[in-house]
Amino acid sequence: MSGLYHTLYVATKSKLEEPCLYSRVVVDIHSGTNYSGDAELDSAEGSMIHLERQNGVVILRMEHGKVGALDLEFLQEFREKLAQLHNEGTGAVVLTGAGSSFSAGVDLYRVLQGGNDYLSRFLPALEVCLRELLEFPRPIVAAVNGHAIAGGCVIVCACDHRIMAEGTGRIGVTELLVGVPFPDLLLEFVRARVASHH
C-alpha cells in the first residue's frame, strides 16, 4: 500500500434530503486510486475519465495526459459522465486526478493551436461543464491528489466538499497574479469557496 490513504465517509443522499446515509470509500489521494480491491470498474478503453464504483459511491478519476489538461474532448466526456450518473441516480461522487496533478487547467497548447475559433467553442463549453458540476444533485467530493491550477482549481471549487493530499501540490488561479483575463463566472466559483481575506 503506497501513498497516503484517506477514508472518506460520503453522504449518498441528495444534497437536500434528510437523513443522510454515508458510505465508506478509501481513496489514495496521492495517486487517485482506490485502496480496496472490490471496486467495480466501468470505463471504456481510451477514456479520459475512469469510473469506479465502491460501496454505492462513484469515483471519477481524470486521466487526460500527464497533468489532466482541459480541452473540448475532455469537457464533452466529463459532461457525458455527469449525465450518466445523474440518470442512474448515483448516490455520491468522489472526483480525483491521477499522478501528481488533479488538473493543471486549460490545455494551452490546444488554445494556441486552435486560436480564436477554438477558444470561442472552448470557453462556453467550460462554463456549461462547470455549471453542471456545481448543480449536480448529489454530493461531489474533490479528492485533490496534486496540483489543481487555474481551471483545475475552479473544478475543485465547483465540488461540494474538498480534501487535498499533503505534499507539494499547489492549488490556485495563478492567472490572477500575472493579469491574464479569466471569465467572470469562473472567478465567482472561486470567490464562493475562498475566505474573503484571501
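Just above, that's the structure.
Everything numeric in this text was worked out from a predicted model, so none of it was measured.

Trainee: So what's going on with unusual backbone geometry? Residues and values would help.
Mentor: Notably, asparagine 55 is not glycine yet its phi reads approximately 55°, a positive angle. Looking at the element boundaries, asparagine 55 is found in the loop between β5 (49-54) and β6 (57-62). Its identity as a non-glycine residue notwithstanding, alanine 150 has a phi of 55°, on the positive side.

Trainee: Give me the pattern of salt bridges: which residues, what numbers.
Mentor: Taken as a whole and judged by the stated rule, the model has 7 salt bridges. Where glutamate 52 meets arginine 61, a salt bridge forms, and the shortest distance between an N and an O atom there is 2.2 Å. Accessibility expressed as a relative area gives 3% for glutamate 52, which makes it buried. Overall, arginine 61 belongs to the buried group, its relative accessible area being 12%. We note a salt bridge from aspartate 71 to arginine 110, for which the minimum N-O separation is 3.3 Å. Highlighted residues: aspartate 71 in the loop between β6 and α1 (72-88) and arginine 110 in helix α2 (residues 108-134), separated in sequence by 39 residues.

Trainee: Any details on α2? Residues and values, ideally.
Mentor: Spanning 27 residues, α2 covers only 24 Å between terminal C-alpha atoms, well under the ideal 39 Å at 1.5 Å per step. In α2, a bend of some 120° at glycine 115 exceeds every other bend along the element. Along α2, the residues that are buried comprise Val111, Tyr118, Phe122, Ala125, Leu126, Cys129, Leu130 and Leu133. The inward-facing, buried residues of α2 contact α1, β9 (140-144), α3 (151-158) and α5 (184-193). N-cap assignment for α2: the residue whose side-chain oxygen lies 3.2 Å from the backbone N of tyrosine 109 is aspartate 107.

Trainee: Can you explain the packing of α1 against α2? Please cite residues and give values.
Mentor: Interaxial distance between α1 and α2 falls to 9 Å at its minimum, and their mutual angle equals 15°. For the element pair α1 / α2, the angle class is roughly parallel. Seen along the crossing, α1 lies across α2 with a hand that is left-handed. Residues Leu72, Glu73, Leu75, Phe78, Arg79 and Leu82 of α1 pack against Arg110, Tyr118, Arg121, Phe122, Ala125, Leu126, Val128, Cys129, Glu132 and Leu133 of α2. Class assignment of the residues belonging to the contact of α1 with α2 gives a composition of 11 nonpolar, no polar and 5 charged.

Trainee: Any chance you could break down the side chain of threonine 90 for me, citing the residues and the numbers?
Mentor: Take threonine 90: it is sitting in the loop between α1 and β7 (92-96). Judged by its relative accessible area of 6%, threonine 90 is buried. Excluding residues within four positions of it along the chain, threonine 90 makes contact with Val58, Leu85 and Arg138.

Trainee: An account of the nonpolar core is requested, with residue identities and associated values reported.
Mentor: In this structure, Leu95, Phe102, Leu130 and Leu133 are the most contacted members of the largest nonpolar core, which totals 40 residues. Broken down by secondary-structure element, the contributors of at least two residues to this core are β5, β6, α1, β7, α2, β9, α3 and α5. Sort the elements by how many residues they give to this core and α2 lands first, with 8 residues. Ignoring anything within four residues of it in the chain, the contact list for leucine 133 reads Phe78, Leu82, Ile140, Ile155, Ala158 and Cys159. One finds Val57, Val94, Val141 and Ala143 within the second-largest nonpolar core, a separate group that totals 6 residues.

Each value, and the rule that gives it
- Residues numbered from 1 in each chain as written.
- Predicted model: local features only at pLDDT ≥ 70, side-chain atom pairs only at ≥ 80, totals over all residues.
- Heavy atoms only, no water.
- Helix = DSSP H or I, 4+ residues; strand = E, 2+ residues; numbered from the N terminus.
- Salt bridge = Lys/Arg side-chain N within 4 Å of Asp/Glu carboxyl O.
- Buried < 20%, exposed > 50% of the residue type's maximum accessible area, 1.4 Å probe, protein only.
- Expected span 1.5 Å × (residues − 1).
- Bend = angle between axes of the 7 residues up to and from the residue.
- Contact = heavy atoms within 4.5 Å.
- Polar contact = N/O pair within 3.5 Å; in protein donor to acceptor, adjacent residues only side chain to side chain.
- Axes fitted to C-alpha atoms, helices over the stretch in contact; angles between N-to-C directions.
- Parallel < 35°, antiparallel > 145°, perpendicular 65-115°, else oblique.
- Left-handed = near helix turned anticlockwise from the far one by under 90°.
- Nonpolar A, V, L, I, M, F, W, Y, C, P; charged D, E, K, R; others polar.
- Core = buried A, V, L, I, M, F, W, Y, C linked by side-chain atoms within 4.5 Å.

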